[in-house]
Amino acid sequence: MTKKQDLRKIFILIFIIVIFVIGLIMAHYLDRRKVDEGCKYIDYKQRVYEAGERMPSKAHVGDRYITRDYEYVFEYDYYKMYSYYWQLYVLDKTKKEYEPIKNLINEDEAFISLEETFKECKYMERAPEIPKNVFDLSYTFKGCTALKVAPQISTKEVVVLYGTFEDCMSLVTTPFIPYNVRSLRGTFKNCKNLKEITELPSGITSLYEAFSDCESLIETPQFPQSIINMNRTFENCTSLTTVHQLPAGLENMEEMFLGCTSLKEINEIPVLVKYMRCAFEGCVSLEKIGRIPRSARSIDGIFNNCTSLTGTVVIEGRSGEAYYEDFFEGVDFEKQNLEVIYINN
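Here the residue numbering is sequential within each chain, running from 1 through the sequence in written order. Predicted model: local features are reported for residues with pLDDT of at least 70 only, side-chain atom pairs are reported and counted for 80 or more only, and whole-chain, interface and lining totals are derived from all residues. Hydrogens and water are ignored here; the side-chain numbers use all heavy atoms of the structure.

Visitor: Help me out: how do you make sense of the overall build of the protein in this one?
Guide: Scanning the protein from terminus to terminus reveals three helices and 10 strands. Within the span of the protein, comprising 345 residues, buried residues form 48% of the whole. Values of accessible area rely on a 1.4 Å probe in the Shrake-Rupley scheme; residue burial ignores everything except the protein chains shown. Summing over all exposed atoms, the protein offers an accessible surface of approximately 17700 Å²; the carbon and sulfur share of this is 51%. Runs of H or I in DSSP of at least four residues are treated as helices and runs of E of at least two as strands, each being numbered from the N terminus. Accessibility here uses a 1.4 Å probe with only protein chains present; expressed as a share of the type maximum, an area under 20% marks a residue as buried, one over 50% as exposed, and anything in between as partly exposed.

In structure tokens form, the structure reads like this:
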């Protein structure tokens with residue numbers, strides 16, 4: 001009887017393992033189904049397609065399609081939103097203009113990644129339009145120092161805009177930003193001549209380094225209430241003078257306005273903010289600041305070298321003069337007629 005019971009347990013265990021393995025296989029299969037049906041390779045023979053020949057959506061990883069200005073390579077990356085896709089490469093990075101991308105591929109059949117495609121194309125003044133089937137624009141135009149007009153991004157697929165226009169020194173206005181973008185991580189970093197920011201998507205959550213080192217920026221855009229991370233968003237924006245109301249749910253303001261030498265006042269700090277380390281360090285023109293809320297856990301260096309700060313500064317959740325050197329390095333309280341009130345109750 002015992003032997004039969006043991007065999008039964010073994011069979012049950014084997015059955016469970018088989019079901020588990022089948023589950024893993026199905027999960028992997030379903031994950032691949034997220035890829036557009038047309039973007040699955042159909043054989044193991046790599047092929048190079050000639051210019052003028054229609055590029056198929058069905059291809060094998062490694063297939064190439066060459067046009068006058070570009071080389072398309074069919075690639076696989078498990079961690080991308082669409083694991084099978086055409087990656088676009090530029091053949092000559094010294095040109096001023098490039099042929100359109102829009103009509104080279106059937107937009108309903110394949111996805112395209114433009115990750116780093118035009119990176120360091122320093123002579124390009126106008127970029128081609130972005131096709132609707134593009135889903136990745138990471139660092140696409142990074143270092144395009146002559147680019148004056150950003151291409152319109154009308155694609156419904158694009159969700160990745162990390163560093164897209166970083167170091168585009170000649171860019172003056174940001175393009176329309178698709179509604180489904182959730183992060184502008186370094187998207188317009190170091191755009192020295194950027195002066196105007198278009199409307200931000202209503203669901204965006206992070207502006208980490210989005211506009212840092214934009215020295216010509218004078219005014220911020222209106223902020224959607226969905227934003228929670230503005231770490232270094234306007235760092236070293238030396239011309240910034242006008243800041244619109246900050247999002248109510250904002251949590252991270254670390255180094256947000258560090259080095260904004262023209263900024264004179266911030267009337268209200270969101271009550272839910274948690275991180276404010278060095279938020280206003282080096283704001284030498286800052287005269288007036290709203291109350292620092294109790295929720296702020298980290299505020300070290302918050303007012304370092306704010307040599308114009310005057311009147312009364314209220315800091316909740318802390319007490320004692322021991323904090324002076326941690327928060328106000330380089331500040332002369334007597335000369336600036338500055339009073340700090342700590343509230344710890």
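From this point, the narrative continues.
Visitor: Looking at this model, I keep getting lost on the environment of Gly-290. Mind explaining?
Guide: On the secondary structure map, Gly-290 appears in the loop between β8 (288-289) and β9 (311-316). For the pair Gly-290 and Val-313, spaced 23 residues apart in the sequence, the C-alpha separation amounts to 7.4 Å. Residues are treated as being in contact if the distance between any of their heavy atoms lies within 4.5 Å. For Gly-290, the residues in contact, after removing those within four places along its chain, are Ile-266, Asn-267 and Ile-269.

Visitor: Would you take a moment to explain the environment of Glu-265 for this structure?
Guide: Topologically, Glu-265 is positioned in strand β7 (residues 265-266). In this structure, the C-alpha to C-alpha distance between Glu-265 and Glu-287, residues 22 residues apart in sequence, is 5.9 Å. Aside from chain neighbours lying at most four places away, what touches Glu-265 is Leu-286 and Lys-288.

Visitor: Explain the nonpolar core to me, please; I cannot follow it from the model alone.
Guide: For soluble globular proteins, the rule of thumb is that nonpolar side chains tend to be buried together. Counting residues in hydrophobic clusters, the biggest one holds 83 residues, and the most contacted among them are Phe-234, Phe-257, Met-276, Phe-280 and Phe-328. Every element with two or more residues in this core is listed here: β3 (70-76), β4 (84-90), β9 and β10 (338-343). If you tally residues by element for this core, the top one is β4, at four residues. Excluding anything up to four places from it in sequence, Met-276 contacts Met-253, Glu-254, Ile-269, Ile-292, Ala-296, Ser-298, Ile-299 and Ile-302. We define the nonpolar core as a collection of buried residues of types Ala, Val, Leu, Ile, Met, Phe, Trp, Tyr and Cys that are connected through side-chain atoms lying within 4.5 Å of one another.

Visitor: How should unusual backbone geometry be read in this particular structure?
Guide: What is expected of a backbone is that most residues other than glycine have negative phi and most peptide bonds are trans. Phi is positive for Asp-167, close to 65°, though the residue is something other than glycine. Tracing the sequence through the fold places Asp-167 in the loop between β6 (134-136) and β7. Since its relative accessible area comes to 18%, Asp-167 is described here as buried. A positive phi angle, close to 55°, is found at Asn-337, a residue other than glycine. By relative accessible area, which is 59% here, Asn-337 ends up exposed.

Visitor: Mind showing me how you'd approach the pattern of salt bridges here?
Guide: If the charged atoms of two oppositely charged side chains come close together, the side chains can form a pair. Any carboxyl oxygen of Asp or Glu that lies within 4 Å of a side-chain nitrogen of Lys or Arg is treated as forming a salt bridge with it. One pass over the full model with this rule turns up 13 salt bridges. Here Glu-116 and Lys-119 are joined by a salt bridge, their closest N and O atoms 3.9 Å apart. Its relative accessible area of 37% is what places Glu-116 among the partly exposed residues. The exposure class assigned to Lys-119 is partly exposed, which follows from its relative accessible area of 25%. Between Glu-209 and Lys-189 there is a salt bridge whose closest N-O contact spans 3.4 Å. With Glu-209 in the loop between β6 and β7 and Lys-189 in the loop between β6 and β7, this pair connects stretches of sequence that are 20 residues apart. By relative accessible area, which is 23% here, Lys-189 ends up partly exposed. Where salt bridges share partners, they join Lys-189, Glu-209, Arg-232, Glu-254, Glu-255 and Arg-277 into one cluster.

Visitor: Is there a simple way to think about the layout of surface pockets in this case?
Guide: Where empty space is left becomes clear once a probe the size of a water molecule has been rolled over the atoms. Within this scheme a cavity is a closed region of a 1 Å grid, computed over the protein atoms alone, that accommodates a 1.4 Å probe without allowing it to escape, whereas a pocket is open but has protein on both sides within 12 Å along at least five of seven lines; lining residues each have an atom within 4 Å of a point. Grid points are joined across faces, edges and corners, and a volume is the space filled by probe spheres set on the points. Here the largest pocket defines a volume of roughly 160 Å³. For the largest pocket, the full set of lining residues is Val-243, His-244, Gln-245, Leu-246, Glu-265, Ile-266, Asn-267 and Glu-268. Under the scheme applied here, ten amino acids are nonpolar (Ala, Val, Leu, Ile, Met, Phe, Trp, Tyr, Cys and Pro), four are charged (Asp, Glu, Lys and Arg), and all others, including Gly, are polar. Looking at the lining of the largest pocket residue by residue, the class counts come to three nonpolar, three polar and two charged.

Visitor: Would you mind showing me how to read the state of the cysteines here?
Guide: As used in these notes, a disulfide is a covalent bond between sulfur atoms, one from each of two cysteines. When two cysteine sulfur atoms lie within 2.5 Å, the pair is treated as a disulfide. The final tally for this structure, using the stated rule, is zero disulfides. With no disulfide of its own, Cys-260 lies closest to Cys-283 among cysteine sulfurs, the gap being 5.2 Å. Since its relative accessible area comes to 0%, Cys-260 is described here as buried. Of the residues examined, Cys-283 reaches a relative accessible area of 0% and is grouped as buried.

Visitor: I'm lost on the packing of aromatic side chains in this one. Help?
Guide: For any two aromatic rings, the description comes down to two numbers: the centre-to-centre distance and the angle of the planes. Ring pairs shown here join Phe, Tyr and Trp side chains whose ring centres sit within 6.5 Å, with only the six-membered ring taken for Trp; geometry is labelled stacked below 30 degrees between planes, edge-to-face above 60, and tilted in between. Going through the model one piece at a time under the given rule, you end up with 20 aromatic pairs. With centroids separated by 6.4 Å and ring planes inclined at 15°, the aromatic side chains of Phe-74 and Tyr-84 adopt a geometry described as stacked. Of this pair, Phe-74 sits in strand β3 while Tyr-84 sits in strand β4, placing them 10 residues apart in sequence. Note on Phe-74: relative accessible area 1%, which makes it buried. Here Phe-303 and Phe-328 contribute two aromatic rings whose centre-to-centre distance is 5.3 Å and whose plane-to-plane angle is 20°, an arrangement assigned as stacked. Note that Phe-303 is positioned in the loop between β8 and β9 and Phe-328 in the loop between α2 (324-327) and α3 (333-336), a separation of 25 residues in sequence.

Visitor: So what exactly am I meant to see when it comes to the confidence of the model for the protein here?
Guide: Interpretation of the predicted coordinates at a detailed level should be avoided for regions scoring low in pLDDT. On average, residues of the protein carry a pLDDT of 85, and 82% of them reach 70 or more. Per-residue pLDDT stays below 50 along residues 28-45; that stretch engages in 37 contacts with residues further than four places along the chain or on separate chains. pLDDT gives the predictor's per-residue confidence on a scale running from 0 to 100.

Visitor: How should I be thinking about the environment of Gln-222 in this particular structure?
Guide: Within the element layout of this structure, Gln-222 appears in the loop between β6 and β7. Residues Gln-222 and Thr-198, 24 residues apart in the sequence, show an inter-C-alpha distance of 9.2 Å. Setting aside its immediate chain neighbours within four residues, Gln-222 contacts Leu-200 and His-244. Polar contact is defined as a pair of N or O atoms within 3.5 Å, subject to the rule that within protein one atom must be able to donate a hydrogen and the other to accept it, and that residues adjacent in sequence are counted only when both atoms are side-chain atoms. Looking at Gln-222, its side chain comes within polar contact range of the side chain of His-244, at 3.3 Å.

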